[in-house]
Amino acid sequence: MLNFFMAHRKIIILIYAVIGGLVFLGVLFFVLWASYTDYHDEAKFCEDYERHKRQGPVLPGLVLGVLAGLPCGALWPFMPVLVTGLWLFDITVKKFPTLMGHLSDDEE
């Protein structure tokens, strides 16, 4: 097994880097899209709509997208494990609220 990885290490590194770059770009574009749509929904209710429309959300969305995209791009094989863990944690919080210290929002 080690011989396989050593013999094909350049191809494996290339595949890892290409998929990591695609994940990075996907996260970056998602954050930019989310900030853009949230910004324009907010701008509809602004009194000075034209001034608000000119001040775009590009820079904050870009910074947040890069900060979120770099770890996701570097650690892309572990993202399904993280999402599954968060999903199971959410189920546990809803099913056993006292076990997790009442983290759920359904309390009065």
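Residues numbered from 1 in each chain as written. Predicted model: local features only at pLDDT ≥ 70, side-chain atom pairs only at ≥ 80, totals over all residues. Heavy atoms only, no water.

Engineer: Please clarify how the packing of aromatic side chains should be interpreted in this entry.
Structural biologist: Working definition: an aromatic ring pair is given by the centre-to-centre distance plus the angle between the planes. Counted by the stated rule, this structure contains three aromatic pairs. Look at phenylalanine 4 and phenylalanine 5: their rings are 5.7 Å apart centre to centre, the planes differ by 70°, and that puts the pair in the edge-to-face class. Phenylalanine 5 sits in the partly exposed class, given a relative accessible area of 37%. Their ring planes at 35° and their centres at 5.4 Å tell us that tyrosine 16 and tryptophan 76 sit as a pair that is tilted. Residue tyrosine 16 is located in helix α2 (residues 9–43), and its partner tryptophan 76 is located in the loop between α4 (58–74) and α5 (79–95); the two are separated by 60 residues in the primary sequence. Of the residues examined, tyrosine 16 reaches a relative accessible area of 36% and is grouped as partly exposed. Note on tryptophan 76: relative accessible area 23%, which makes it partly exposed. (Phe/Tyr/Trp six-rings, centres within 6.5 Å; stacked < 30°, edge-to-face > 60°. Buried < 20%, exposed > 50% of the residue type's maximum accessible area, 1.4 Å probe, protein only. Helix = DSSP H or I, 4+ residues; strand = E, 2+ residues; numbered from the N terminus.)

Engineer: What's the story with the confidence of the model for the protein chain in this structure? I'm lost.
Structural biologist: Low pLDDT marks stretches whose predicted atomic positions should not be read closely. Summary statistics for the protein chain give a mean pLDDT of 82 and a share of 76% for residues scoring 70 or more. Between the elements of the protein chain, mean pLDDT differs from a low of 58, seen in helix α3 (residues 49–54), to a high of 90, seen in helix α1 (residues 2–7). (pLDDT = per-residue confidence, 0-100.)

Engineer: Is there a simple way to think about α4 in this case?
Structural biologist: One turn of an α-helix holds 3.6 residues; hence residues three or four places apart share an orientation. In a regular helix each residue adds 1.5 Å, so 17 residues correspond to 24 Å; α4 covers 23 Å between its end C-alpha atoms and thus fits that length. When we look at burial in α4, the residues that qualify are Gly61, Gly65, Gly69, Cys72 and Gly73. (Expected span 1.5 Å × (residues − 1).)

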